Amino acid sequence: MAQCVTKVELSISCENLLNKDVGSKSDPLCVFFISTGENQWAEIDRTEQVKNCLAPKFSKKFLVDFYFEQIQKLKFGIYDIDNKTIDLKDDDFLGYFECTLGQIVSSKKLMRPLMLKDAKLAGKGIISILAEEIKDNRAVNLQLQAQNLDKKDLFGKSDPYLEISKQTQDGKWQIAHRTEVIKNNLNPSWKAFKVALHSLCDGDLQRPVKVECFDYDNDGSHDLIGSFETTVAKFQEASQSGAAFDCVNPKKQQKKKSYKNSGTVSIKKCEIVKDYSFLDYIMGGCQMNFTVGIDFTGSNGDPRSPNSLHYINPNGLNEYLMAIWSVGMVVQDYDTDKMFPVL
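Residues numbered from 1 in each chain as written. Predicted model: local features only at pLDDT ≥ 70, side-chain atom pairs only at ≥ 80, totals over all residues. Heavy atoms only, no water.

(A) Geometry of the overall build of the protein. A tally of regular secondary structure across the protein gives six helices and 16 strands. Overall, the C-alpha framework of the protein stretches about 90 × 50 × 50 Å when taken along its three principal axes. Counting all 343 residues of the protein, 41% fall into the buried class. Nonlocal contacts in the protein, meaning residues at least 24 apart in sequence, comprise 62% of its contacts between residues at least 6 apart. Element-wise, carbon and sulfur atoms account for 52% of the exposed surface of the protein, whose accessible area totals about 20,100 Å². In the protein, 43 positive and 46 negative side-chain charges are present, and the distance between their average locations comes to 7 Å. (Helix = DSSP H or I, 4+ residues; strand = E, 2+ residues; numbered from the N terminus. Buried < 20%, exposed > 50% of the residue type's maximum accessible area, 1.4 Å probe, protein only. Contact = heavy atoms within 4.5 Å. Areas by Shrake-Rupley, 256 points an atom, 1.4 Å probe, with all protein chains shown as cover. Lys, Arg positive; Asp, Glu negative; His and termini not counted. Charge placed at Lys NZ, Arg CZ, Asp CG, Glu CD.)

The structure is reproduced here in structure tokens:
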């Protein structure tokens, strides 16, 4: 009998978020939690922050193992981030949603209202969670550059960035990756990035992919420079031949008969690789060694004193021993010679 476990990718988007900023819009991100017990939650991951936006479509995905026989409680918290600290206590809370992974998987796409901590609705805020099973462990390394983009800013050049989306089964577009913004540049070369092939085209190299180039604006009203549709297979061909894709703005195309493009985008790198899991390495012969290092500095106190971290407690283990024991019990199965040196 096959194991009832599979890896699931969760894509998050929101609409009508509360606006907590004065003079601009909220700068939201989504924090993903998994229940570890009664009213206890462990933070698993966070999306990127989307500036000045009340309807964000987050490009960062959440990966989670789905166990059919378990009730896996999840929580998604939306926060307006206005500082660089990791602590969420000093950020504005925009709402949350709790559910089980089973509810999301059985719905494929779940849309629910966001709630505040007092059990009231978070205005008209909505969260959408799309679940997709991951069967393909390949990824693609991409690097793109553009040439002769349209100038969109009055007192400078454009500040371009790209959004790359895959076409879903219902014909809609789901964002797979968003590049960084390159300021004041009409010939940008974006940083190389890696995206799961499942996220980009469901593993089908002939599946349509859309590339949109925007001019970034601080107020969130980003201007479309142009876009084009292609496939990963054509990305590969273009990376070898040096061919460029016309970046077309539909409005300008309708107005001017002589219009050709608003710039071109070329593929500097397109390489399909396999994303190996930890188990792939272990089963492939990767060897591990468990070594322990202990800090014996005097500031930790006399080991004969109960206040010392090194105190040898006759009734139990001190914190150092508990840490070594907890980690060692897990790692020992993967240690090749079963010898555990102490430095």
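Structure shown, so let's carry the discussion forward.
(B) Structural view of a nonpolar patch on the surface. On the surface, L317, L321, M322, W325 and M329 cluster together to form a nonpolar patch covering roughly 520 Å² of accessible area. Along the chain, the position of W325 falls in helix α6 (residues 319-331). (Patch = residues over 30% accessible without salt bridge, like charges linked within 9 Å, V, L, I, M, F, W, Y side chains within 5 Å. Salt bridge = Lys/Arg side-chain N within 4 Å of Asp/Glu carboxyl O.)

(C) Structural view of the side chain of N249. You can see N249 is positioned in the loop between β15 (244-246) and α4 (250-255). Beyond its immediate chain neighbours, meaning those up to four positions away, N249 contacts K152, L224, I225, G226, Y259 and S262.

(D) Focus on the pairing of strand β9 (residues 138-147). Across the ten residues of β9, eight count as buried, placing the element largely inside the fold. One ladder, built from ten bridges, connects β9 with strand β16 (residues 264-274); its direction is antiparallel. Counterpart to Q145 in the pairing with β16 is S266. Judged from the four bridges that link them, β9 and strand β12 (residues 193-196) form a sheet pairing that is antiparallel. (Pairing = 2+ DSSP bridges.)

(E) Representation of the packing of aromatic side chains within the structure. Tallying each qualifying case throughout the model produces ten aromatic pairs. Over the ring of F93 we find K117; its NZ or CZ atom is 4.8 Å from the centre of that ring. (Phe/Tyr/Trp six-rings, centres within 6.5 Å; stacked < 30°, edge-to-face > 60°. Lys NZ or Arg CZ within 6 Å of the ring centre and 35° of its normal.)

(F) Fine view of unusual backbone geometry. A positive phi angle is found at N52, which is not glycine, with a value near 45°. Positive phi values are uncommon outside glycine, yet N184 reaches one of about 50°. Summarising the element assignment, N184 is placed in the loop between β11 (173-178) and β12. Exposure remark for N184: the relative accessible area of 44% places this residue in the partly exposed category.

(G) Spotlight on the side chain of E163. Structurally, the position occupied by E163 is in strand β10 (residues 160-167). The residues touching E163, leaving out its near neighbours within four places in the chain, are I175, H177, R178, K210, V211, E212 and F214.

(H) Region of the structure containing the sheet that holds β16. Pairing is antiparallel in the open sheet, where four strands are placed in the order β12-β9-β16-β15. The open sheet has two free edges, formed respectively by β12 and β15, since each of these has just one partner strand. Adjacent strand axes in the sheet meet at a mean angle of 40° when their direction is disregarded. Taken strand by strand, helix α3 (residues 232-241) contacts β9, β15 and β16, and its axis lies near 110° from that of β16. (Axes fitted to C-alpha atoms, helices over the stretch in contact; angles between N-to-C directions.)

(I) Region of the structure containing the confidence of the model for the protein. For the protein, the mean per-residue pLDDT works out to 89, and 98% of the residues sit at or above 70. The secondary structure element of the protein with the lowest average pLDDT is helix α5 (residues 278-283), at 70, and the one with the highest is strand β13 (residues 209-215), at 97. (pLDDT = per-residue confidence, 0-100.)

(J) Expanded view of the pairing of strand β8 (residues 121-133). Judged from the six bridges that link them, strand β7 (residues 109-115) and β8 form a sheet pairing that is antiparallel. Residue pairing across strands places M111 opposite S128, the latter belonging to β8. Between β7 and β8, which pair antiparallel in sequence order, lie five residues; one of them, A119, sits at a positive phi of approximately 70°.

(K) Inspection of the environment of F32 at higher detail. With respect to the helices and strands, F32 occurs in strand β2 (residues 28-37). A sequence separation of twelve residues divides F32 from I44, and the C-alpha atoms of the two residues are 5.6 Å apart.

(L) Spotlight on the state of the cysteines. Counted according to the given criterion, the structure contains zero disulfides. C201 takes part in no disulfide bond, and the closest cysteine sulfur to it belongs to C270, at a distance of 9.6 Å. The thiol of C247 is unpaired, and the distance to the nearest cysteine sulfur, on C213, comes to 4.9 Å. (Disulfide = S-S within 2.5 Å.)

(M) Expanded view of the sheet that holds β13. Pairing is antiparallel across the open sheet formed by four strands, whose spatial order is β11-β10-β13-β14. Since the sheet does not close on itself, it has two edges, and those belong to β11 and β14 (223-230), each with one partner. Between one strand and the next, the sheet's axes are offset by a mean angle of 25°, whatever the strand orientation. Looking at chain direction, β10 and β11 are connected through five bridges and run antiparallel. Pairing of I164 across the sheet is with H177, part of β11.

(N) View of the pattern of salt bridges. Counting across every chain of the model gives 14 salt bridges. A salt bridge links D65 to K7; its shortest N-O distance comes to 3.0 Å. Taken together, the positions of D65 in strand β4 (residues 62-67) and K7 in strand β1 (residues 5-15) put the pair 58 residues apart, joining distant regions of the chain. Put simply, K269 and E271 hold a salt bridge, and the shortest N to O gap is 3.9 Å. The class of K269 is partly exposed, set by a relative accessible area of 35%. Residues participating in the shared-partner salt-bridge network are E132, K166, D202 and R207.

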